[in-house]
Structure formats: structure tokens, C-alpha cells
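Here is what each chain is made of, one letter per residue.
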Amino acid sequence: DVVANVYIPDIKAIASFYPDWFKYGKGLAGINMMSYGDFPEIANDYSDKSIQIPRGAILNGNLNEVFDVDTRDPEQVQEFVDHSWYKYPEADKGLHPWDGITDQHYELPPGSDGTETKFNWLAPDGKYSWIKSPRWRGHMMEVGPLARMVIGIAKNVPHYKEPALELLKELNLPLEAAFSTLGRHAARALECEWMTHKLAQYIDDLTANIKAGDETAANMEFWEPKTWPKECRGVGPCEAPRGALAHYCVIKNGRLENWQAVVPTTWNASPRSSEGQKGTYELSLIGTPLADPKRPLEIIRTIHSFDPCLACATHLYSPEGEELTSVQVC
């Protein structure tokens, strides 16, 4: 009721008051977008007939072709550190997360103004972020509710396509308007409405299964560590609220050898590549007019549309270079 009677009407009201925000904040929306797919309705079946959140990747704005995505393929998902404060054995070579290295290497990029702990200008030509640059087949990608909606439209998934086109028709807007700051908010709201109904369905299904004596909660085939080979690799991909999320692990002799997480905010907040590709945050801000450059609220509006989680991807300094907080991990 809250989503249908408050959230969706609020989105429509904001759209009518601020129509220009269908023009700003595009980023990689409608160009390069990706979803891992999720919510299988057939146990352990992640085919298109089972998953309710569609899987796929769109490149160069071609909505007529949706590529399949395999998080295990070392040629598909790679992380780079061209402009990130980490170092790899080969600086310009990307690594699949199973081979991932998180070796910190902080330095002020050339051309910056100030010291390493207090600067007025952080130049973009060198390393300038604590976020790595994940890419899919060499491409920067946008992930999240808008990416899922566009892929759902491209793959003719009814519960994504029909509400989106209906809302655009009601607002008298073309599909291209969805590739924007407001479009990102609208996609999240529409998906939220669908998910509240799925939540009720899944609770009813779970209750019925338990009443029928079926208490199976997971595939336990490989649960016992004694069944594992001496060396094995695994990946757990899913669609988190913010977008494509995957945790990768390498296990040797029953112990974790490597663990890497590639989170949605890492995809979206990625710094640029050595070839000059810009991440979706950076690209989404270009061309946004500022009413008051000293109070750039317009920047926050667009970044907030991605629902960033900077706890997963630290990207900020205080203006004075002072320590803001200290966390001790035991």
C-alpha cells in the first residue's frame, strides 16, 4: 500500500515538477548496462525461463541484442587499477576476481595541488580513487534498477516492460527519457512495486511448503568440506537493490586462499580507464547545470539516484585531510 499509494505517486509528482531531470544524469544508461539476473522460481535453475530478474548485458545502446553474462568467465569480468590506489604486477592488465589482488598503493597523482593529506585539487591523470575499475569485456557498465528495467524491456519481460512503458506513456515521454536521473528513480520505484507483490507470493509459497513437510532451504550437495577438491573456486552472483553483486572465493586445502567482492557501487563509481572510458558516475555528471557552483546540489541529486554505498567503495576525503573515523578490525 505504501509503495502503490505513496512512493509511485511521489515519483509522478516530482516528475511533473522537475521535468528537466529527465534530461540530466544519463551516464551509461541506455548505452552499456548489465544485470546478473536473480530470483529463480525453479530451484537451482538460472535459465531465462526461471529467473524473474533478467540477466544480460547491453553494449553501445543496441537494445536489439542482449549478451549473456557469465561471472566465471575470465574474459568477461575483470578489474583494473589504472586510476585506483592499488598496484598489480602488470599495471595495465586487468584481473578476474579469482586472481584479484588488493595491494594498496596510495600516491598523489601528478598535477595535483597540495600534499598527500591535504589537497585543493586532485588531478585525474594518475591514480585518484580507492575504487577499482571493473569492466565487462573491456566495457564500463551501469548496473542497478534502471539497467534491469532496460534489459527487461529488451528481453520482453512483462513485469519490467509493461509498467515502464505505461508510466512513460502517462508522462508523455519517450523511452530515452528513462536514461536520466529521474528515470533511475522511476525504475527503482516500479521495481519496488513489483517486488512487494513477489515478497507476499514467496512468503505464501514458503508457508505452503513447510506445511506440506518440505523444509529444504538450500542445495546441500557440496556443503560438507570433505567433499571439496584440494583447490576449488566459487562465485555467488546476485542482483542486490543497487545492482550486480558478486563474491568470488578461491579455496585451497579447505581454507580460503582469496576472497574478492565486486559490488554495484564499484561498477557505477568506477574511475576512468587508461583508454579514457569514464565510469557511469563521472559520465552522468557531465553537462549538468549548476544553479550555484558553491552549493552543487545538482551533483548530489544525480549521484543519489544510484543509491551509492560508499562503505563498500571509499571515495572521499575531508577538505582538511583530517581523519574522520577509525575502525579497528580484530
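Just above, that's the structure.
Residues numbered from 1 in each chain as written. Predicted model: local features only at pLDDT ≥ 70, side-chain atom pairs only at ≥ 80, totals over all residues. Heavy atoms only, no water.

Examining the overall build of the protein
When its secondary structure is counted, the protein shows 7 helices and 9 strands. Taken over the C-alpha trace, the protein has a radius of gyration of 21 Å; the compact-globule value for 330 residues is 20 Å, and the two agree within 12%. Considered along the principal axes of its C-alpha atoms, the protein spans approximately 65 × 60 × 40 Å. For the protein, the proportion of its 330 residues judged to be buried stands at 42%. Excluding contacts between residues fewer than 6 apart, the proportion of contacts in the protein whose partners are at least 24 apart in sequence is 63%. Of note, the protein has its 32 positive side-chain charges centred 1 Å away from the centre of its 46 negative side-chain charges. (Helix = DSSP H or I, 4+ residues; strand = E, 2+ residues; numbered from the N terminus. Rg over C-alpha atoms; globule rule 2.2 N^0.38 Å. Buried < 20%, exposed > 50% of the residue type's maximum accessible area, 1.4 Å probe, protein only. Contact = heavy atoms within 4.5 Å. Lys, Arg positive; Asp, Glu negative; His and termini not counted. Charge placed at Lys NZ, Arg CZ, Asp CG, Glu CD.)

Structural notes on the side chain of Ser 35
Within the secondary structure layout, Ser 35 lies in strand S1 (residues 33-40). A distance of 3.2 Å separates a polar atom in the side chain of Ser 35 from the backbone nitrogen of Gly 37. Residues within four places of Ser 35 in sequence aside, it is in contact with Ile 53, Pro 54, Arg 55, Gly 56, Val 69, Arg 148, Ile 151 and Glu 239. (Polar contact = N/O pair within 3.5 Å; in protein donor to acceptor, adjacent residues only side chain to side chain.)

What about the pattern of salt bridges?
By the definition in use, this model includes 16 salt bridges. Among the ionic pairs, Arg 55 bridges to Asp 68, the shortest N-O distance being 2.8 Å. Separated by 13 residues along the polypeptide, Arg 55 in strand S2 (residues 51-58) and Asp 68 in the loop between S2 and strand S3 (77-80) bring together distant segments of the chain. On the accessibility criterion, Arg 55 (15% relative accessible area) is buried. In this structure, a network of salt bridges that share partners links the residues Asp 82, Arg 135 and Glu 275. (Salt bridge = Lys/Arg side-chain N within 4 Å of Asp/Glu carboxyl O.)

Considerations on the packing of aromatic side chains
Enumeration over the complete set of coordinates arrives at 11 aromatic pairs. Between Phe 67 and Trp 136, the aromatic rings sit 6.2 Å apart at their centres with planes inclined by 45°, giving tilted as the arrangement. Here Phe 67 is found in the loop between S2 and S3, whereas its partner Trp 136 is found in strand S6 (residues 133-136), with 69 residues between them in sequence. Of the aromatic side chains, those joined through ring pairs into one cluster are Phe 39, Tyr 160, Trp 194 and Tyr 202. Sitting over the face of the ring of Trp 136, Arg 137 holds its NZ or CZ atom 5.4 Å from the ring centroid. Here the basic side chain of Arg 184 rests over the ring of Phe 306, its NZ or CZ set 3.9 Å away from the ring centre. (Phe/Tyr/Trp six-rings, centres within 6.5 Å; stacked < 30°, edge-to-face > 60°. Lys NZ or Arg CZ within 6 Å of the ring centre and 35° of its normal.)

Regarding helix H3 (residues 158-170)
Helix length check: H3 (13 residues) gives 18 Å between terminal C-alpha atoms against 18 Å at 1.5 Å per residue, within 8%. Among all positions in H3, only Tyr 160, Ala 164, Leu 167 and Leu 168 are buried. One face of H3 carries all of its buried residues, which in axial projection span an arc of 100°. Of the exposed residues in H3, those oriented more than 90 degrees away from the buried face are Glu 162, Glu 166 and Lys 169. (Expected span 1.5 Å × (residues − 1). Arc of directions from axis to C-beta.)

Structural notes on a nonpolar patch on the surface
Together, Ile 14, Phe 17 and Tyr 18 line one region of the surface with nonpolar side chains, adding up to about 350 Å² of accessible area. Position of Ile 14 among the secondary structure elements: in helix H1 (residues 2-17). Its relative accessible area of 39% is what places Ile 14 among the partly exposed residues. (Patch = residues over 30% accessible without salt bridge, like charges linked within 9 Å, V, L, I, M, F, W, Y side chains within 5 Å. Areas by Shrake-Rupley, 256 points an atom, 1.4 Å probe, with all protein chains shown as cover.)

A look at helix H2 (residues 145-154)
Among the 10 residues in H2, 9 count as buried, and that is most of the element. Looking at the buried side of H2, the elements it contacts are S1, S2, H3, helix H4 (181-211), strand S7 (231-240) and strand S8 (243-252). Just beyond H2, the residue with positive phi is Asn 156, at close to 55°.

A short note on the sheet that holds S8
If you trace the 3 strands from one edge of the open sheet to the other, you get S7-S8-S9, paired in antiparallel fashion. Sheet topology places S7 and strand S9 (255-262) at the edges, where each strand pairs with a single neighbour. Sheet twist, expressed as the mean angle between neighbouring strand axes with direction ignored, is 15°. (Pairing = 2+ DSSP bridges. Axes fitted to C-alpha atoms, helices over the stretch in contact; angles between N-to-C directions.)

Remarks on the packing of H2 against H3
With their axes 7 Å apart at the nearest point, H2 and H3 run at an angle of 105° to one another. Judged by the inter-axis angle, H2 sits roughly perpendicular to H3. Residues Arg 148, Met 149, Gly 152 and Ile 153 of H2 form the contact with H3, whose own contacting residues are Tyr 160, Lys 161, Ala 164 and Leu 165. Here the contact of H2 with H3 is composed, by residue class, of 5 nonpolar, 1 polar and 2 charged. (Parallel < 35°, antiparallel > 145°, perpendicular 65-115°, else oblique. Nonpolar A, V, L, I, M, F, W, Y, C, P; charged D, E, K, R; others polar.)

Some thoughts on the environment of Val 2
Relative to the assigned elements, Val 2 resides in helix H1. A residue is classified by how much of its surface remains accessible, and Val 2, at 61% relative accessible area, is exposed. Separated by 175 residues in sequence, Val 2 and Ala 177 have C-alpha atoms that sit 26 Å apart.

What to know about the nonpolar core
Counting residues in each nonpolar core, the largest one holds 24 residues, and the members touching the most others are Met 33, Leu 146, Met 149, Val 150 and Tyr 160. Among the elements that take part in this core, H2 stands out by supplying 6 residues, more than any other. Aside from chain neighbours lying at most four places away, what touches Tyr 160 is Gln 52, Ile 53, Pro 54, Arg 148, Met 149, Gly 152, Ile 153, Glu 191 and Trp 194. (Core = buried A, V, L, I, M, F, W, Y, C linked by side-chain atoms within 4.5 Å.)

Treat this as a map of the structure, not an account of what it does.
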